[in-house]
Amino acid sequence: MEATSQYKRLLPPMRGLARDFYGYCKQHELRFQKCSSCGAWRHVPREMCPDCGSFDYEWAKSAGKGKVFSWSTTSQPMLPQFADAVPYAIVIVELDEGVRMATWVVDVPPDQLRIGLPVEVQFDDVTEEVTLPKFRLRKQA
Amino acid sequence: MHPLKDKACVVGVGETAYTRGTDRSQLNQILHATMAALDDAGLKPHDIDGMVLPMPMPTVEHLAANLGIPDLRYSASSNIGGAAPVAAVQTAAMAVALGIANNVLIPVGWNAYSGAGVRGAGRSGPVGLPPSFGLTMSEYYMPYGLAVPAQWFAWLATRYIQEFQVPIEGPAAVALAARKHAQLNDKAYMRGRPLTMEDYRNARMIAQPFRLFDCCLETDGACAVIISSAERAKDLKQRPVYIAGTAEGHPLPADDIPGRKDFFKIGLFYAAPKAFEMAEVGVRDLDFVQIYDCFTHIVLLELEALGVCKLGEAWQFVQNGRIELGGELPFNTHGGLLSEAHVAGVNHIAEATRQLRGQCGERQVKDAEVGVVTGFGDFGDGSLVVLRR
């Protein structure tokens, strides 16, 4: 974790459904929308269920466990705010609930990432207002 | 028969020089390309009465005011990134086939090299997010440092090369074929700059697995095409090139890549069967393909979406010169975005048109009768047009 005042990287705009998603992260809970009608989980957050058309949903708590699905390793700076992090991988993690999200796996260097690596969520309180969900390697039981 | 089949034609194509460095504004570039396309068609600016714009700027109003168009009857925009120009051809074809407009202009120009391009993003940040996907990106990707196409398509490419065991020779064959073809094209920025396998392999990584020469160019310039009805086309200067089939398609969901249940199913998979059915041609009938080549691995996936080969098998297909001039299915005979210039693929429409007119000189595909142009943009939106002479 980095000290609040020193965090210079990009922050998500806290509005609409993103404010809800990151609001739970701030409480160190990874929650995704789950349709109240058909039960389908979804991410990124949406107004409607693309599977059944229902507007009703709950923010259901994820167990925070998943696997590496794919990744993108940034070898040249693409954003000045992340120039110091190069090379870094933006990893797609598939949660056990079925949803996938963009994130970082903090303890695996890009060249050691593999499809299917088991990971679990951890929370990075990057500022007083914003917490980003990230992942770490999970020791398989 | 489909009511749109062969009802509209590409009647004019034109471009500026493709450069790195320019004193011209974006608007000025587009106007010069438009005048070249009008001249090619044997039309005057006041003959343009419709526009479909694949980029948000400059606007229809700016263009009409400069060209002195007295009666602009129809305008539309298609904001799906690199899939927009070919999707614009579909919209323009409908407009002229129904008599809503007579001559529809589709221009793209930008100073992607001299302006605030992707290269500059590492220093200055991205230059503004399109509304089509900007929300997802700013809320869920950018906090993790993802902001440019090379990064988000690397998600696709990383999984693609592992799932289908794609060796470096796959994407390399695409890059080398494009560069080889550019050597036969006076307009190509990379003419006189040949590329070897060793150069390709040794180039720096941009966003893994994309090396430098897997990525399209950033250039300054503009290209424009004009669409008219088949009836009118017969009386114009050039041999008509018919829009035999066209379609667009979108991945599910189009605004988020990680969340796709069918991860590799880009929009072109949905669009291609429709366009071939409309055109009443099969992929085996094609004399060439002009593929939207933002990244080499994406070209492989597009070949699979077209049905040239099965998912995961294009890397084998592209070996042994099969996609080079003289091969089974020549690809990007002008050099494409990889080696001619990046004008969002309007140059692919122009090249296909010239191939079907037989105007391509030493890079002419012999007896070319039918070819395909694809578009690919944003997070994987797709479009294609089947053109025939």
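Heads up: the structure comes first, above all this text.
The shown structure was predicted, so the numbers you read here are calculated from the model rather than taken from an experiment.

This part is about the overall build of chain B. Helix and strand counts for chain B stand at 14 helices and eleven strands. Its C-alpha radius of gyration of 19 Å places chain B within 12% of the 21 Å reference for a compact globule of 389 residues. Oriented by its inertia axes, the alpha-carbon framework of chain B measures out at about 55 × 45 × 40 Å. Evaluated residue by residue, chain B yields a buried proportion of 64% over its 389 residues. The contacts of chain B with a sequence gap of at least 6 include a subset with a gap of at least 24, amounting to 74%. Total accessible area on chain B stands at roughly 13600 Å², and carbon and sulfur atoms take up 51% of it. The averaged location of the 41 negative side-chain charges in chain B is 3 Å from the averaged location of its 34 positive side-chain charges.

The next thing to look at is the overall build of chain A. Scanning chain A from N- to C-terminus turns up one helix and eight strands. If you list the helices and strands of chain A from N to C, you get α-β-β-β-β-β-β-β-β. Projected onto its principal axes, the C-alpha coordinates of chain A cover approximately 45 × 35 × 25 Å. For chain A, the residues scored as buried account for 50% of the 141 residues in total. Sequence-distant contacts, at least 24 apart, represent 53% of the contacts inside chain A between residues at least 6 apart. Summed over its atoms, the accessible surface of chain A is roughly 6700 Å², and 46% of this surface lies on carbon and sulfur atoms. Charge separation in chain A, taken as the distance between the mean sites of 18 positive and 18 negative side-chain charges, equals 2 Å.

Scanning the entire structure with this criterion turns up 24 salt bridges over all chains. For A:Arg100, the salt bridge identified is with A:Glu94, shortest N-O distance 2.8 Å. Close ionic contact of B:Asp6 with B:Lys5 constitutes a salt bridge, the shortest N to O distance being 2.9 Å. For B:Asp6, a relative accessible area of 14% corresponds to the buried category. Using a relative accessible area of 10% as the deciding quantity, one classes B:Lys5 as buried.

Residues and elements named next belong to chain B. Following the criterion strictly, the structure yields 21 aromatic pairs over all chains and no others. Residues Tyr141 and Phe379 carry aromatic rings whose centres are separated by 5.8 Å and whose planes lie at 40 degrees to one another, so their mutual orientation is tilted. Of this pair, Tyr141 sits in helix H5 (residues 134–141) while Phe379 sits in the loop between strand S10 (370–377) and strand S11 (381–388), and the two are 238 residues apart along the sequence. Note on Tyr141: relative accessible area 1%, which makes it buried. Through successive ring pairs, a cluster of aromatic residues spans Tyr141, Trp152, Phe153, Trp155, Phe210, Phe295, Phe376 and Phe379. In this structure, Arg388 packs its charged tip against the face of Tyr242, placed 4.6 Å from the ring centre.

Rules behind the numbers
- Residues numbered from 1 in each chain as written.
- Chains lettered and ligands numbered in written order.
- Predicted model: local features only at pLDDT ≥ 70, side-chain atom pairs only at ≥ 80, totals over all residues.
- Heavy atoms only, no water.
- Helix = DSSP H or I, 4+ residues; strand = E, 2+ residues; numbered from the N terminus.
- Rg over C-alpha atoms; globule rule 2.2 N^0.38 Å.
- Buried < 20%, exposed > 50% of the residue type's maximum accessible area, 1.4 Å probe, protein only.
- Contact = heavy atoms within 4.5 Å.
- Areas by Shrake-Rupley, 256 points an atom, 1.4 Å probe, with all protein chains shown as cover.
- Lys, Arg positive; Asp, Glu negative; His and termini not counted.
- Charge placed at Lys NZ, Arg CZ, Asp CG, Glu CD.
- Salt bridge = Lys/Arg side-chain N within 4 Å of Asp/Glu carboxyl O.
- Phe/Tyr/Trp six-rings, centres within 6.5 Å; stacked < 30°, edge-to-face > 60°.
- Lys NZ or Arg CZ within 6 Å of the ring centre and 35° of its normal.

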